Amino acid sequence: MNLADTTTHNPFISLIYETAIESLGHEYYDVVNAAEFPQHILRWRNDDLLPTLGLTPQQVTNEHFIRAFGKFEQRHPLLALRYHGYQFGEYNPMLGDGRGFLYGQVRGLNNKLYDFGTKGSGKTPYSRGGDGMLTLKGGVREVLAAEMLHCMRVNTSRCLSMVETGMSLWRGDEPSPTRSCVIIRMSQSHIRFGTFERLNYLKRSDLTQRLLDHVIATYYSHLQGEEDKYAFFYAELSKRVGKLAAQWMAAGFCHAVLNTDNMSITGESFDYGPYAFIPNYDPHFTAAYFDYNGRYCYINQPRICRFNLELLQKALKDVIPQNDMEKGIKNFDKEYKLEYQNLMLRKLGIEEINIFKGEELLQSTLSFLKYYPVSYHGFFADLASTFSSKWQNNEENILKGSEIKNCFGTTELFINWSRYYHQILTDLSTNQLENVAKVLSENNPRTVILRPVIESVWKSIIEEDNWQPFYDLLHSISELTAEK
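Thresholds applied
- Residues numbered from 1 in each chain as written.
- Predicted model: local features only at pLDDT ≥ 70, side-chain atom pairs only at ≥ 80, totals over all residues.
- Heavy atoms only, no water.
- Axes fitted to C-alpha atoms, helices over the stretch in contact; angles between N-to-C directions.
- Helix = DSSP H or I, 4+ residues; strand = E, 2+ residues; numbered from the N terminus.
- Parallel < 35°, antiparallel > 145°, perpendicular 65-115°, else oblique.
- Left-handed = near helix turned anticlockwise from the far one by under 90°.
- Contact = heavy atoms within 4.5 Å.
- Nonpolar A, V, L, I, M, F, W, Y, C, P; charged D, E, K, R; others polar.
- 1 Å grid on protein atoms, 1.4 Å probe; cavity = no way out; pocket = protein on both sides within 12 Å on 5 of 7 lines; lining within 4 Å.
- Points joined across faces, edges and corners; volume = space filled by probe spheres on them.
- Buried < 20%, exposed > 50% of the residue type's maximum accessible area, 1.4 Å probe, protein only.
- Expected span 1.5 Å × (residues − 1).
- Phe/Tyr/Trp six-rings, centres within 6.5 Å; stacked < 30°, edge-to-face > 60°.
- Lys NZ or Arg CZ within 6 Å of the ring centre and 35° of its normal.

Enquirer: Break down the packing of helix 5 (residues 229–251) against helix 6 (residues 301–316) for me, with residues and values.
Expert: Between helix 5 and helix 6, the shortest axis-to-axis distance is 9 Å and the interhelical angle comes to 160 degrees. For the element pair helix 5 / helix 6, the angle class is roughly antiparallel. Considering how the two elements wind past one another, helix 5 and helix 6 form a crossing that is right-handed. Touching Phe233, Tyr234, Leu237, Ser238, Val241, Ala245, Trp248 and Met249 of helix 5 are Gln301, Pro302, Cys305, Leu309, Glu310, Leu312, Gln313 and Leu316, all from helix 6. By residue class, the composition of the contact of helix 5 with helix 6 is twelve nonpolar, three polar and one charged.

Enquirer: Help me get a handle on empty space enclosed by the protein, residues and values and all.
Expert: What the rule picks out here adds up to four cavities of 30 Å³ or more. Here the residues of the lining of the largest cavity sort into five nonpolar, two polar and one charged. Each pocket or cavity is described by its volume, and for the second largest cavity that value is around 60 Å³. Taken together, Glu18, Thr19, Glu22, Arg75, Pro77, Leu79, Leu102, Tyr103, Gly104 and Gln105 form the lining of the second largest cavity. It is strand 7 (residues 102–107) that provides the largest number of residues to the lining of the second largest cavity, a total of four residues. A per-class count over the lining of the second largest cavity returns four nonpolar, three polar and three charged.

Enquirer: Lay out the layout of surface pockets in plain terms, naming residues and giving numbers.
Expert: There is about 1500 Å³ of room inside the largest pocket. Around the largest pocket, the lining comprises 49 residues; the ones closest to its centre are Arg99, Lys119, Asp271, Gly273 and Pro274. For the lining of the largest pocket, the secondary-structure elements that each account for two or more residues are strand 8 (113–119), strand 9 (134–135), helix 2 (136–151) and helix 14 (451–464). Partitioned by chemical class, the residues of the lining of the largest pocket number 17 nonpolar, 16 polar and 16 charged. One number sums up the size of the second largest pocket: a volume of about 370 Å³. Forming the walls of the second largest pocket are 18 residues, and the residues nearest its centre are Lys112, Gln188, Tyr219, Arg240 and Thr266.

Enquirer: Can you lay out the side chain of His377 for me, pointing to particular residues and giving the numbers?
Expert: Counting through the fold element by element, His377 comes out in helix 10 (residues 376–386). Residue class for His377 comes out buried when judged on its relative accessible area of 8%. For His377, the contacting residues outside a window of four places in its chain are Met152, Ala251, Gly252, Phe277, Ile278, Val448 and Leu450.

Enquirer: Tell me what's going on with helix 14, and back it up with residues and numbers.
Expert: Taking 1.5 Å as the rise per residue, helix 14 with 14 residues should run 20 Å; its terminal C-alpha atoms sit 20 Å apart, in good agreement. A positive phi of about 55 degrees marks Asp465, the residue just after helix 14.

Enquirer: Can you tell me about the packing of aromatic side chains, naming the residues and giving the values?
Expert: Per the counting criterion, the structure on display carries 41 aromatic pairs. Between Phe253 and Tyr272, the ring centres sit 5.9 Å apart and the planes meet at 85 degrees, which makes this aromatic pair edge-to-face. Here Phe253, found in strand 12 (residues 253–254), pairs with Tyr272, found in the loop between strand 12 and strand 13 (276–277); they are 19 residues apart in sequence, far enough to count as distant. Across this residue pair, the class does not change: Phe253 and Tyr272 are buried. A centroid spacing of 5.0 Å and a plane angle of 75 degrees characterise the contact between Phe387 and Trp391, whose relative ring orientation is edge-to-face. Owing to a relative accessible area of 15%, Phe387 belongs among the buried residues under this scheme. Judged by relative accessible area, which is 1%, Trp391 ranks as buried. Lying over the aromatic face of Tyr275, Arg141 brings its terminal NZ or CZ to 4.2 Å of the ring centre.

What follows is the structure, encoded as C-alpha cells:
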C-alpha cells in the first residue's frame, strides 16, 4: 500500500504523519515556525530513501522537495524538542533544538517509525543568540558522512534532502560570509540521552516514565509484554550502543562530539559536525579542532559511549532499579568486543575462525598499522584488490604488488602479520578460501571520504559552483552500497 494519498498534489505533504511525539504533551517540545528563505535550490535529493516511504523517484519532483522541505508548506505543528546534555563532561541545561525541529513522523513500509528532522531551519527558543542556520558546507559534510557510513553498514541516520537557502552566514571557524542550507535528516528517532537528562534535572520522574513507556512501545516493542521491560530496555540499549561504537571503530570513523545530547535512545549514529575518517591508524586522532584534550579522540569513543550510558543511569534511576542498570551495562562490553572483532576480521576476509586465533590476528594487524604510516583504509582496500588463492600457498604472495608491501614488506611487524595471516589461510577449506575474496570486497570500500576528498569537493562548489564532483562522489559511494 502506498503511504501517500495520491489525491493531493505533493506526495511529501500527503504522507500519513503520526503524532507519536506530539501526543506525549507540550512538556517535551515547543511549537515553532520555520524561517522564510530568500532562495530555494535543491542540491540533494536522496531517491534511495523514497521506496521506504512508499514513493518512487518518478512520483516526486524537485519542486515537491522544495515546497515540503525548503518552504515547509502545509505542515503543522513543527516541534522544537527539549533536551539537556553533558557537553565535554559538563552538564548544560541550556540546550534543545536550536536550529532545527521535528518536521513529522512517518511509518515506513517496513513498519518502522521514522523522524523527519530539520537542521538549519531557523531560530527556536533554544537558539541561545544563534541564527538557527546551517552552513552549506555543513550540509554537504553531513550528506557525505551519512551516505558513507551507510555504505559501511553503520547504523546511521541519512539525509533526505538539502536545499540551499540564499542567506549569507558569518562563522568564526570558516571564511565568512558563507552560504546556507537546510537539510532534512531521516532517522529512527530524535529522542536523545539528553531528553531524559532534562526531565531528571526538572525532577519530573512522571514525565520520565511517560517518555520511557513511549520509547519502549515505539522502538523496543518486543519488550512490551515483559514484566521487567525497563531493565530489559536499558540492557538492550547498552547492547545497541556497544554495537554502534564497534561499527564506528571498524569503519575508522571519529564522530568528534559524543556529548549525551548527540546520543540517540535507539542506538543510532546521527548529527555529524566536525567528524573525520582516520587517514591512518592513530588511536589518538582527534577530529574536532576544539577538542583540545582529545576527550573524543578515535580510541576513546567506546569508553565515552559507555560513560554516557552510565550518566544516563542518573536520569533513569527513579524508574529503573540501579542494580538492573549495572547488570544491563555489561551488555555494552560484551557486544562491543564481539562486534568489533567480527567486523575487523571481515575486513580481513575472515568470517569463521577460532576466537583466540581471531584475536591474535587482529592484534597483529593493528600493531602493524599503528607503527607504520600506512593508510588505514588503503591497507584493507589493497587486501581486497590484490587477494589471490595463491596466498594460501606462500606467505610471500600476500599483498604482492601492493605499495604497502613494497615499502614495509621487510619490517618485522609486516613479516609477523603476513606469516600469521598465512597460517590462518592455510586452515581454510577451498570453499572458505573462495569466500575470502567476496568478504574482503564487501567490507572494504575503494572510496572513503577522507578530509582532502571532502575539501576537494567543497572547493569546486565554493569557487566554481560546480556540484558535479559532489554528485560523482555520492554516486561512487552508492555504487559501493549496491555491490553489497
